[in-house]
Amino acid sequence: MLELSQVHIGYKELLFKIEELSLKTGQLVSVIGKNGTGKTTFLNTILGLNKPLHGILKVDGKNIQELNRNEKVKIFSHVSSKLEGIDYLTVYDLIAMGRAPYTNMLNQLRDIDRSIVENIIDKLNLSHLKGSSTAQISDGERQIAMIGKALAQETRIIILDEPTAFLDYTNRRKALKLLSDIARENDKLILVTTHNLDLSIEFSNLILAVSPDEKRIKIYPPKTSKELLIDEVFGE
């Protein structure tokens, strides 16, 4: 459903190339690589925020660059690496923001919207926090709530930039397992950038690695050895 053909990722200069890549729903896909190699730029290009230097990105056969904003927000949901602009919302209100593409101009929730939000809160075990301010809960809880907001948007593709960056190991593992389960059980395509190789190997259906020396994406199957990834992606 997400197809990339002869795509060059970068701004004015090439960061890396993707010859052919096809990703389908039901998968958790990890994007790894050294800092500064273009992982976030890659995600932003998929989201249609950056134009590729060359090539075409398609979703369901449609050129992503030709989609309007309303079409994009019903296909892609995005969780940034920076948890900004969400302080002093309740957890419920934060998750309910994901329903914005489906509400009226006043963002009034319908019964169906409230039902979807409540179901997500139950699924993510956030019921005890739904009235809590996002400024008063832990980083791990805030990140899970942000995932809930993305789920409420009901898109088939969820893109997360470093979703576990500020979490301890236990919460990192919890978040990656949650994303893996969501991808499989809800037939989503979930792409995450991460520096945690162990968890990436454990939970991903596919690993995309940016090779700065070759300036291309290398595709690795699940359960690829950590030693191989370190040698081919992070080695000097």
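Before reading on, note that the structure itself is shown above.
Model, not experiment: these values are computed from the prediction.

(A) Representation of the packing of aromatic side chains. Within the structure shown, the criterion is met by one aromatic pair. Taking the centre distance of 5.9 Å and the plane angle of 70 degrees together, the rings of Phe16 and Phe42 count as edge-to-face. You can see Phe16 sitting in strand E2 (residues 14-23) and its partner Phe42 sitting in helix H1 (residues 39-46), a full 26 residues away along the chain. The same class applies to Phe16 as to Phe42, namely buried.

(B) A look at the pattern of salt bridges. By the definition in use, this model includes 15 salt bridges. In this structure, Glu202 engages Arg173 in a salt bridge whose closest nitrogen and oxygen atoms are separated by 2.2 Å. Placement of the pair is Glu202 in helix H7 (residues 197-203) and Arg173 in helix H6 (residues 169-185), with a sequence separation of 29 residues. Judged by relative accessible area, Arg173 falls into the partly exposed class, the value being 31%. A salt bridge links Lys177 to Asp181; the shortest N-O distance between them is 2.9 Å. Here the residue Lys177 and the residue Asp181 both occupy positions in helix H6, the gap between them amounting to four residues, near one helical turn. The class of Lys177 is partly exposed, set by a relative accessible area of 40%. Salt bridges sharing partners connect three or more residues here, namely Lys123, Lys177, Asp181, Arg184 and Glu185.

(C) Examining the environment of Leu2 more closely. Along the polypeptide, Leu2 turns up in strand E1 (residues 2-10). Separated by 124 residues in the primary sequence, Leu2 and Leu126 place their C-alpha atoms 31 Å from one another. The residues touching Leu2, leaving out its near neighbours within four places in the chain, are Leu21, Ser22, Leu23, Ile46, Lys58, Val59, Ile64 and Leu189.

(D) Geometry of helix H5 (residues 139-152). In this model, H5 (14 residues) spans 20 Å end to end at C-alpha, consistent with the 20 Å of a helix rising 1.5 Å per residue. Looking at H5, one finds that the buried residues are Gly140, Arg142, Gln143, Ile144, Ala145, Met146, Ile147, Gly148, Lys149, Ala150, Leu151 and Ala152. Of the residues one or two after H5, Glu154 is the one with positive phi, at around 55 degrees.

(E) Looking closely at the nonpolar core. Leu28, Ile95, Leu126, Ile147, Leu160 and Ile190 are the most contacted members of the largest nonpolar core, which totals 35 residues. Sorting the residues of this core by element identifies helix H3 (91-96), helix H4 (111-123), H5, strand E7 (157-161), H6, strand E8 (189-193) and H7 as the ones contributing at least two each. A total of seven residues in this core trace back to one element, the largest contributor, which is H5. Beyond its immediate sequence surroundings of up to four residues, Ile147 is in contact with Leu160, Leu178, Leu179 and Ile182. The next biggest cluster of nonpolar side chains, apart from the first, holds 29 residues, and it includes Ile18, Val31, Leu47 and Leu191.

Cut-offs and rules
Residues numbered from 1 in each chain as written. Predicted model: local features only at pLDDT ≥ 70, side-chain atom pairs only at ≥ 80, totals over all residues. Heavy atoms only, no water. Phe/Tyr/Trp six-rings, centres within 6.5 Å; stacked < 30°, edge-to-face > 60°. Helix = DSSP H or I, 4+ residues; strand = E, 2+ residues; numbered from the N terminus. Buried < 20%, exposed > 50% of the residue type's maximum accessible area, 1.4 Å probe, protein only. Salt bridge = Lys/Arg side-chain N within 4 Å of Asp/Glu carboxyl O. Contact = heavy atoms within 4.5 Å. Expected span 1.5 Å × (residues − 1). Core = buried A, V, L, I, M, F, W, Y, C linked by side-chain atoms within 4.5 Å.

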